[in-house]
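Chain by chain, the residues run as shown.
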Amino acid sequence: MIADIHAWLDGAAADGRLRAMDRAFARFLFTLDPAADTRVLAAAALLSRELAEGHICVDVGALAEQEPTLADASTWLGASALVARPGGDEAAPLVLDANLLYLRRFWRDEARVAAAILGRLAPLPDPPGLRAELDRLFPAEGDGVDWQKVACAIASRSAFAVITGGPGTGKTTTVVRLLGLLQTLAWKRGEPRLRIRLAAPTGKAAARLNASIAAQVARLDVDAAVREGIPAEVTTLHRLLGSRPDTRAFQHNADNPLHVDVLVIDEASMIDLEMMAATLDALPAGARIVLLGDKDQLSSVEAGAVLGDLCARAEPGHYDDATVAWLRDAAGVDVSPWRDATTPWALDQRVTMLRRSRRFGTDSGIGALASAINEGNGAAVARVFEGRFDDIARMPATPAAVAALAIDGRAPAPGYRHYLEWIQAHRPAAGADEDTWAAWGRGALEAHRRFQLLCATKRGDHGVDSQNERIALALLSRGLVRAATGWYEGRPVMVVRNDYALGLMNGDIGVTLALPDGQGGIALRVAFLVTDGAGGERVRFVAPSRLSAVDTVFAMTVHKSQGSEFEHTALALPPEPSPVLTRELVYTGVTRARRHFTLVAAPDILAYAVARKTRRASGLLDRLR
Ligand SMILES: Nc1ncnc2c1ncn2[C@@H]1O[C@H](COP(=O)(O)OP(=O)(O)OP(=O)(O)O)[C@@H](O)[C@H]1O
């Protein structure tokens with residue numbers, strides 16, 4: 001027993017085991033039930049703390065590791081009026097499901113997600129003509145399994161599918177062909193055109209998919225009528241569901257479902273549990289959903305690791321005999337090496353992992369590095385840097401070295417000097433027309449995208465804020481910018497809050513440019529690329545005074561970089577071990593690089609991070625078993 005819960009909470013808050021919020025939550029439960037077992041209140045506070053780390057629940061068996069008096073938790077939690085079993089008192093704020101303790105909201109979200117997925121796993125009848133269409137869309141190329149074809153076949157077969165793969169493994173290519181396939185089969189059956197929607201969790205990710213989808217659809221080998229049925233426009237999930245100010249609820253929900261037959265969501269690793277529950281709720285009963293993403297990337301900022309959970313068994317495949325036989329017939333592909341004769345799950349039959357990167361071949365250090373990181377092998381990671389690759393490099397993490405890299409890059413990989421000099425060199429003449437200024441803005445945005453410095457954290461001496469300050473001052477001292485604070489030409493910014501009035505989304509990046517103000521003078525404007533509604537993008541100039549929530553992004557956190565790629569990416573890690581340094585963080589940082597990657601970190605810190613694979617507690621996988 002804990003004799004005085006208030007003293008215990010104060011002590012745990014004082015020594016950093018709890019946040020003020022966790023203590024407040026336990027106190028709130030105490031007001032609901034002043035006679036509550038003090039251990040239940042302590043467990044609730046610890047649960048609240050775990051949720052802040054992204055976990056969905058806590059394993060009650062582990063509570064005693066944090067506080068010895070919390071042993072045998074199932075017994076006293078089960079006896080508390082504050083805790084219900086599934087199906088029990090719906091007013092109880094906590095739920096104990098098997099050995100997992102949840103906040104009711106998370107328990108409900110997890111149960112909704114699991115039920116919606118389970119309800120969509122049954123195989124659909126084979127459409128006539130499937131094999132011929134698959135063979136046409138995926139012409140044979142070399143030996144080995146064509147995983148893109150497998151993914152497409154599997155996704156055509158059920159109302160729920162997951163396609164995971166690292167950078168450049170063809171997730172976009174596959175899904176465009178899948179949509180072509182589904183639309184073609186519907187058309188051949190004389191059915192109405194499928195209503196397809198494409199979405200991504202952030203504006204940045206949506207914009208990137210937008211650009212790549214449009215190009216892929218144009219190249220797709222299908223009938224023109226079919227091609228017209230594949231949308232090029234990608235929206236954010238918030239927009240799709242209809243977010244409303246001041247409420248977590250969306251316009252579209254189970255009572256007002258989306259008008260959609262097929263929903264494709266890219267960058268699904270960024271979707272938290274609550275968003276996934278809302279999305280699945282809003283999906284009409286007969287509609288299909290396809291999730292695309294890289295299972296090894298960082299999980300969502302909010303609680304949950306839905307894609308990671310769904311793909312926990314993707315690597316070995318776990319295909320059952322029926323799937324192996326069906327894929328042989330329906331797609332002409334043999335996946336028997338990935339067969340599981342003993343414990344295949346229904347979910348496994350709907351998950352495909354794309355295994356061949358078309359972007360990073362065997363001569364790519366970025367590809368080799370990403371693989372070694374995923375294997376969690378610190379020695380192999382170190383060897384990759386010592387090897388023969390010239391697309392990757394490592395350098396010591398001194399502040400001066402970071403600033404020098406950020407400005408000058410390392411030949412031939414560019415730094416910010418390239419972008420700032422591009423702006424000066426290509427500035428249109430004073431009387432140039434609007435299109436010319438817009439083209440300059442677009443060029444500046446493209447030049448800016450050639451390099452990005454990533455950091456593990458926002459705060460601290462090695463975090464984004466400090467690096468931004470240092471880089472701006474270093475640029476000023478070299479005469480590449482005219483100021484290092486406030487607004488100045490060359491300042492790159494990231495929108496940190498959706499602004500529907502301006503059409504700018506959290507994560508959008510703009511660059512500050514000096515434009516004619518129309519009265520003979522000069523005014524600073526921030527150039528953004530915004531979607532033009534027809535699958536393309538156009539430049540929009542926004543006055544700095546209208547941008548209420550932006551950060552400078554000479555440096556950005558790895559979290560914020562998800563969904564973006566840069567020609568040269570540098571990742572700067574702090575010199576001391578820290579809980580944020582994880583395998584997923586390093587992998588996500590490395591895979592933001594398209595052509596060059598530079599690591600700014602001590603070897604032991606890299607090994608430390610790579611050894612730390614995160615696992616967010618959740619009961620989702622058990623529910624899908
Ligand atoms: N089956 C294929 N045949 C030929 N080229 C392909 C094939 N699949 C993918 N590619 C090419 O490989 C590159 C990467 O493909 P794609 O963009 O589809 O991958 P992705 O997994 O979506 O990448 P990202 O990591 O950017 O999300 C593209 O240039 C694409 O055209």
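Bear in mind that the values here come from a model prediction, so they are computed numbers and not experimental data.

All right, on to the overall build of the chain then. Each helix and strand counted, the chain has 25 helices and 20 strands in total. Taking 25 Å as the expected radius of gyration for a compact globule of 625 residues, we find that the chain reaches 26 Å, a close match to that expectation. In terms of overall dimensions, the chain has C-alpha extents of about 75 × 65 × 50 Å along its principal axes. Evaluated residue by residue, the chain yields a buried proportion of 56% over its 625 residues. Taking the intrachain contacts of the chain between residues at least 6 apart in sequence as the baseline, contacts between residues at least 24 apart amount to 72%. Surface accessibility of the chain: about 25800 Å² in total, with carbon and sulfur atoms responsible for 52%. Computing the positive centroid from 71 side-chain charges and the negative centroid from 74, the chain places the two 3 Å apart.

We now examine the site of the ligand. Near the ligand lie 16 residues; those nearest to it are Q148, K171, T172, T173 and R359. Interatomic distance of 2.9 Å between a backbone N/O atom of K171 and an oxygen atom of the ligand. In this structure, an oxygen atom belonging to the ligand sits 3.4 Å away from a side-chain N or O atom of R219. A total of 620 Å² of accessible area belongs to the ligand in isolation, and the protein chains cover 74% of it. Breaking the shell around the ligand down by element, the ones donating at least two residues are α9 (171–188) and α10 (203–219). At four residues, the largest contribution of residues to the shell around the ligand is made by α9.

What follows deals with the UniProt feature "domain: RecBCD enzyme subunit RecD N-terminal" (unreviewed entry) in the chain. Residues given the UniProt feature "domain: RecBCD enzyme subunit RecD N-terminal" (unreviewed entry) here are residues 15–102. A helix fraction of 43% and a strand fraction of 12% characterise residues 15–102, whose end C-alpha atoms lie 24 Å from each other.

Attention now goes to the pairing of strand β4 (residues 100–103). A two-sided burial pattern is seen for β4, the buried positions comprising L100 and Y102 on one face and L101 and L103 on the other. Relative to β4, strand β1 (residues 58–59) is paired through two bridges, and the arrangement is antiparallel. Each residue of the ladder has a partner; that of D59, found in β4, is L100. As paired strands, strand β3 (residues 94–97) and β4 are joined by four bridges and run antiparallel to one another. Opposite D97, over in β4, you have L100 as the bridge partner.

What follows deals with the UniProt feature "binding site: ATP" (unreviewed entry) in the chain. Here, UniProt's "binding site: ATP" (unreviewed entry) annotation points to G165, G166, P167, G168, T169, G170, K171 and T172. Mapped onto the elements, T169 comes out in the loop between β5 (160–165) and α9. With relative accessibility at 5%, the residue T169 sits in the buried group. Excluding residues within four positions of it along the chain, T169 makes contact with Q148, L354, R356, S357 and R358. Tracing the sequence through the fold places G170 in the loop between β5 and α9. The class for G170 is buried, based on a relative accessible area of 11%. Ignoring any residue separated from it by four or fewer positions in sequence, one finds G170 in contact with Q148 and L354.

What follows is about the sheet that holds strand β2 (residues 83–84). Where strands meet in a sheet, backbone hydrogen bonds hold them as pairs that are either parallel or antiparallel. Spatially, four strands are ordered β1-β4-β3-β2 in an open sheet, and the strand pairing comes out mixed. Looking along the sheet, the strands with just one partner apiece sit at the ends: β1 and β2. Where helix α3 (residues 38–52) meets the sheet, its contacts fall on β1, β2, β3 and β4, and the angle it forms with β4 comes to roughly 75°.

A few words on the pattern of salt bridges. Here the structure, examined in full by the defined rule, presents 42 salt bridges. Between E133 and R136 there is a salt bridge, with its nearest N and O atoms 2.7 Å apart. Here E133 and its partner R136 are both found in helix α7 (residues 130–137), three residues apart, which amounts to about one turn of the helix. Taking the relative accessible area as the measure of exposure, E133 reaches 5% and is therefore buried.

With that settled, consider the side chain of D508. Looking at the secondary structure, you find D508 in the loop between β13 (492–495) and β14 (509–516). Among the polar contacts made by the side chain of D508, one reaches the main-chain amide nitrogen of M505 at a distance of 2.8 Å. If near-sequence neighbours (up to four positions away) are discounted, D508 is found in contact with G203, K204, V493, M494, V495, G503 and F528.

We now examine the domain arrangement of the chain. What the domain assignment lists for the chain is domain 1 (5–117), domain 2 (129–359) and domain 3 (365–487 + 552–611). On a C-alpha basis, the centres of domain 1 and domain 2 stand 36 Å from each other. The largest share of the area that domain 1 buries against domain 2 comes from R112, V113 and I117, three residues that together contribute 48% of it. The tally of links from domain 1 across to domain 2 stands at two salt bridges. Across the pair D281 and R112 runs a salt bridge, and its minimum N-O distance is 2.4 Å. Connecting domain 1 to domain 2 are three residue pairs in polar contact (both at pLDDT 80 or more). It is helix α6 (residues 104–118) that provides the largest number of residues to the side of domain 1 that touches domain 2, a total of eight residues. Split into classes, the residues belonging to the side of domain 1 that touches domain 2 amount to six nonpolar, two polar and four charged.

Turning next to helix α18 (residues 399–408). Those residues of α18 that fall on the buried side of the exposure criterion are A401, V402, A403, L405, A406 and I407. Directly after α18, the chain includes G409, whose backbone phi takes a positive value near 65°.

Looking now at the side chain of D272. Tracing the sequence through the fold places D272 in the loop between β8 (262–265) and α13 (273–281). Although D272 is buried, it forms no salt bridge, and the closest oppositely charged side chain is R248 at an N-O distance of 7.0 Å. At 3.2 Å, the side chain of D272 forms a polar contact with the backbone nitrogen of M275. When near neighbours in sequence (up to four residues on either side) are disregarded, D272 contacts S300, E302, A303 and V306.

What counts and how
Residues numbered from 1 in each chain as written. Predicted model: local features only at pLDDT ≥ 70, side-chain atom pairs only at ≥ 80, totals over all residues. Heavy atoms only, no water. Helix = DSSP H or I, 4+ residues; strand = E, 2+ residues; numbered from the N terminus. Rg over C-alpha atoms; globule rule 2.2 N^0.38 Å. Buried < 20%, exposed > 50% of the residue type's maximum accessible area, 1.4 Å probe, protein only. Contact = heavy atoms within 4.5 Å. Areas by Shrake-Rupley, 256 points an atom, 1.4 Å probe, with all protein chains shown as cover. Lys, Arg positive; Asp, Glu negative; His and termini not counted. Charge placed at Lys NZ, Arg CZ, Asp CG, Glu CD. Near = heavy atom within 4 Å. Polar contact = N/O pair within 3.5 Å; in protein donor to acceptor, adjacent residues only side chain to side chain. UniProt positions renumbered as here; feature names shortened; annotations may be inferred. Pairing = 2+ DSSP bridges. Axes fitted to C-alpha atoms, helices over the stretch in contact; angles between N-to-C directions. Salt bridge = Lys/Arg side-chain N within 4 Å of Asp/Glu carboxyl O. Domains from an automatic or database assignment. Buried area = accessible area lost by both parts, 1.4 Å probe. Nonpolar A, V, L, I, M, F, W, Y, C, P; charged D, E, K, R; others polar.

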